[in-house]
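Observations on the model geometry
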Amino acid sequence: MSHSATSRIQEHIGDPVSDAPPVGREELEEIFQDIQADMRYDHELNGCLNCGICTATCPAAHYYDFSPREIVQLLWTENLEGIYDAMQEKIWSCAQCYTCAARCPFSNSPGGLIMLMRETAIKHGMESAKNVLRPFSRVMLKLISTGNQLSPDMITPDGFADWGPNVAKVDAPLDILRKAIPMPTLHTTKTAWEVNLKTSVELYTIWEETGVLDSLETIDENLFDVILDIMDEKRDDYEDWLDENDD
Ligand code: SF4
Ligand code: SF4
């Protein structure tokens, strides 16, 4: 193997024989502080017996190289390198079902802690977050532009190749079938339901104020730009509607 090829590989996976962390100590501390600073952290981590009940009841642990016990231990012992390492892949295996939270004798919420780690991964623009969220960009666009995420016209064999042969079951004459639904707002296949303009505009404000849009900008700048244009357009439409209906 040539020297340059080795360097390229090391750029991606680091040096397997080195103990040096992939990022500096300062960044590791900053990442942990961001996780810890969230007001939910102290509610969701009260200590850990390392008993493994959470892992024994975790559905994701049956299918992946993933253990909520391990994640909680990393946080409880403040193992900064381990926390960073878990954020590169393992935290994305959680199904957010919260079975662990219902069973933990310490009233911890491993699933909740994992959610904080995911939010921090997004905030820090980690590649793992970008990779996991990329397939959902179409859903995000739909959510922002229409107020709902999955509409019947998105359920196609091409759009849901990962559903395998089951997707054929929904490959039906949806336009006709939707007409049979009693509520007029559900007669379209373009939206799951119609969200009115005022509600959409209010949602934009919530997403801005809560930092959702900042997170989106960190992980997908192009999608962020498209969504900003849609928001501006809808806000203009709402202003026009208000002017027209002003007594
Ligand atoms: S988080 Fe709770 S259930 Fe899981 S190992 Fe720790 S004490 Fe046990
Ligand atoms: S919330 Fe996540 S960690 Fe907890 S049981 Fe469900 S899949 Fe496992």
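See the structure printed just above.
Residues numbered from 1 in each chain as written. Chains lettered and ligands numbered in written order. Predicted model: local features only at pLDDT ≥ 70, side-chain atom pairs only at ≥ 80, totals over all residues. Heavy atoms only, no water.

Attention now goes to the environment of Lys 90. The residue Lys 90 is located in the loop between α7 (80-87) and α8 (99-103) in this model. Separated by 38 residues in the primary sequence, Lys 90 and Ser 128 have C-alpha atoms spaced 9.7 Å apart. With residues up to four places along the chain from it excluded, the contact list for Lys 90 reads Asp 65, Phe 66, Glu 70 and Ile 71. Within the structure, Lys 90 has its side chain in polar contact with the side chain of Glu 70 (distance 3.3 Å). (Helix = DSSP H or I, 4+ residues; strand = E, 2+ residues; numbered from the N terminus. Contact = heavy atoms within 4.5 Å. Polar contact = N/O pair within 3.5 Å; in protein donor to acceptor, adjacent residues only side chain to side chain.)

Contacts to ligand 1 come from Cys 48, Leu 49, Asn 50, Cys 51, Gly 52, Ile 53, Cys 54, Arg 69, Val 72, Cys 104, Pro 105 and Asn 108. A majority-of-atoms criterion places ligand 1 in the largest cavity. Only α4 (53-57) and α6 (68-76) provide two or more residues apiece to the shell around ligand 1. Taken together, the residues of the shell around ligand 1 break down into 8 nonpolar, 3 polar and 1 charged. (Near = heavy atom within 4 Å. 1 Å grid on protein atoms, 1.4 Å probe; cavity = no way out; pocket = protein on both sides within 12 Å on 5 of 7 lines; lining within 4 Å. Sits in = over half its atoms within 2 Å of the grid points. Nonpolar A, V, L, I, M, F, W, Y, C, P; charged D, E, K, R; others polar.)

Before going further, it helps to examine the site of ligand 2. As a structural note, the neighbourhood of ligand 2 is formed by 13 residues, with Cys 58, Cys 94, Cys 97, Tyr 98 and Cys 100 the closest of them. For ligand 2, the cavity whose grid points lie within 2 Å of the majority of its atoms is the second largest cavity. Of all elements in the fold, only α5 (59-63) and α8 reach the threshold of two or more residues within the shell around ligand 2. For the shell around ligand 2, a count of residues per class yields 10 nonpolar, 3 polar and no charged.

This next bit is on empty space enclosed by the protein. Counted by the stated rule, this structure contains 2 cavities of 30 Å³ or more. By volume, the largest cavity amounts to about 90 Å³. As for the largest cavity, its lining consists of 14 residues, and the residues nearest its centre are Cys 48, Cys 51, Cys 54, Cys 104 and Asn 108. Those elements giving two or more residues to the lining of the largest cavity turn out to be α4 and α6. Counted by class, the lining of the largest cavity contains 10 nonpolar, 3 polar and 1 charged residues. (Points joined across faces, edges and corners; volume = space filled by probe spheres on them.)

In this section: α7. In terms of residue burial, α7 counts as a mostly covered element, since 6 of its 8 residues are buried. Of all the residues in α7, the buried ones are Leu 80, Gly 82, Ile 83, Tyr 84, Ala 86 and Met 87. Those residues of α7 that are buried are in contact with α2 (25-37), α6, α9 (110-123) and α10 (127-133). (Buried < 20%, exposed > 50% of the residue type's maximum accessible area, 1.4 Å probe, protein only.)

A full pass over the atoms with the stated rule returns 2 aromatic pairs. Relative to Trp 207, the ring of Tyr 204 lies with its centre 6.0 Å away and its plane at 40 degrees, an arrangement referred to as tilted. In this pair, Tyr 204 and Trp 207 are both assigned in helix α13 (residues 197-209), 3 residues apart and thus about one turn of the helix distant. The exposure class assigned to Trp 207 is buried, which follows from its relative accessible area of 13%. Ring geometry for Tyr 238 versus Trp 241: centroids 6.3 Å apart, planes at 10 degrees, classification stacked. You can see Tyr 238 and its partner Trp 241 sitting in helix α15 (residues 221-244), 3 residues apart, about one turn around the helix. Exposure remark for Trp 241: the relative accessible area of 45% places this residue in the partly exposed category. (Phe/Tyr/Trp six-rings, centres within 6.5 Å; stacked < 30°, edge-to-face > 60°.)

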